[in-house]
Amino acid sequence: MIFYPHYRKEKIFDITPSFLEKEGIKYLLLDVDNTLTRHHTGRLEQGVKEWLDQMHEAGYPLIIASNSKDYRIAPFAKSIGLDYFALCCKPLPFKLKKGVKKLGCKKSECMLIGDQIFTDTLGARLAGIRVCLTEPFVEEEGTSFKIRRKLEKKIKSRYERKMSR
Ligand SMILES: [Mg+2]
């Protein structure tokens, strides 16, 4: 199902090197808002800095793939020393595919981590890479987000029912 992630974790820091090793994932694409930071703050959430350090130590190449604009993502990416793609237009797969190319890996070795089904999960599926859906740090404002989050809830509960079968 195109709206189902391959994996679900509560937060990005629940993704461990041993999990990645077990699944054969060697490269990571990272969403920013509500995956690494709260929405539009640019500050890493608690535990995320440590997770990034852990990934660097374990030798996982990481690259940012955000739908946000360049002027926001560029300073953020620089502050944590990562390459980035801004204005990714997820769920369109094109920049995610570019990300895979930039990482220089096979699609099968690459995973996107992100908090939204209709951008991250769908985008990764369309790009032919795996995706881990994480839970957002905060609820966003605005009607369109509220609608999307409501639909996501339905998809997530169906997904959970399927997984528990
Ligand atoms: Mg996000």
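S.K.: Any chance you could explain the overall build of the chain here in plain terms?
M.R.: Scanning the chain from N- to C-terminus turns up 6 helices and 6 strands. Ordered by position from the N terminus, the helices and strands of the chain form the series β-α-β-α-β-α-β-α-β-α-β-α. Expected size for 165 residues packed as a compact globule is a radius of gyration near 15 Å; at 15 Å, the chain falls within 12% of this value. C-alpha atoms of the chain, sized along the principal axes, occupy 35 × 35 × 30 Å. Contacts in the chain between residues far apart in sequence, at least 24 positions, make up 64% of those at least 6 positions apart. Accessible surface computed for the chain: about 8,700 Å², of which carbon and sulfur atoms make up 54%.

S.K.: Can you walk me through the coordination of the magnesium ion in this structure?
M.R.: Reference values for coordination geometry: four tetrahedral donors around a metal ideally subtend 109.5 degrees, six octahedral donors ideally subtend 90 or 180 degrees. Every protein donor of the magnesium ion is accounted for by Asp31 (OD), Asp33 (O) and Asp115 (OD), and the metal-donor separations fall at 2.0 to 2.2 Å. Along the chain, the residues donating to the magnesium ion fall in the pattern D-x1-D-x81-D. We classify Asp33 as buried; its relative accessible area is 7%.

S.K.: How should I be thinking about the pairing of strand S3 (residues 62–65) in this particular structure?
M.R.: On a regular strand, each side chain points to the face opposite its neighbour's, so the side chains alternate between the two faces of the sheet. With burial as the criterion, each face of S3 is covered, one bearing Leu62 and Ile64 and the other bearing Ile63 and Ala65. Two elements, strand S2 (residues 27–30) and S3, share 3 bridges in a ladder whose sense is parallel. Considered in S3, the bridge of Leu29 is made with Ile63. In this fold, S2 hands off to helix H2 (residues 48–58), which returns the chain to S3; that crossover is right-handed. Examined bridge by bridge, S3 and strand S4 (residues 83–85) share 3 bridges and lie parallel to one another. Looking at S4, one finds that Ile63 is bridged to Asp83. Read as a crossover between parallel neighbours, the route from S3 over helix H3 (residues 70–79) to S4 is right-handed.

Each value, and the rule that gives it
Note on numbering: residues in each chain are counted from 1, in written sequence order. With pLDDT at 70 or above as the cut-off, local features in this predicted model cover only qualifying residues; side-chain atom pairs require 80 or more to be listed or tallied, and sums for whole chains, interfaces and linings still use all residues. Only hydrogens and water are set aside; all other atoms, that is, all heavy atoms of the structure, feed into the side-chain values. The numbering of helices and of strands both runs from the N terminus, where a helix is a DSSP run of H or I of at least 4 residues and a strand a run of E of at least 2. Atoms counted for the radius of gyration: C-alpha only. Globule rule: 2.2 Å times residue count to the power 0.38. What makes two residues a contact is simply this: any of their non-hydrogen atoms within 4.5 Å. Each accessible area value is a Shrake-Rupley result obtained with a 1.4 Å probe; residue values ignore everything except the protein chains displayed when judging cover. We call an atom a donor if it is N, O or S and sits within 2.8 Å of the metal, or 3.2 Å for Na, K and Ca. Water is not counted, so some sites may look partial. Type-normalised accessible area, obtained with a 1.4 Å probe on protein chains alone, sets the label of each residue: buried when under 20%, exposed when over 50%, and partly exposed for intermediate values. In short, DSSP must find at least two bridges between two strands for them to pair. Here the term right-handed applies to a crossover when the path leading from its first strand over the helix to its second strand runs clockwise, the strands being oriented away from the viewer.

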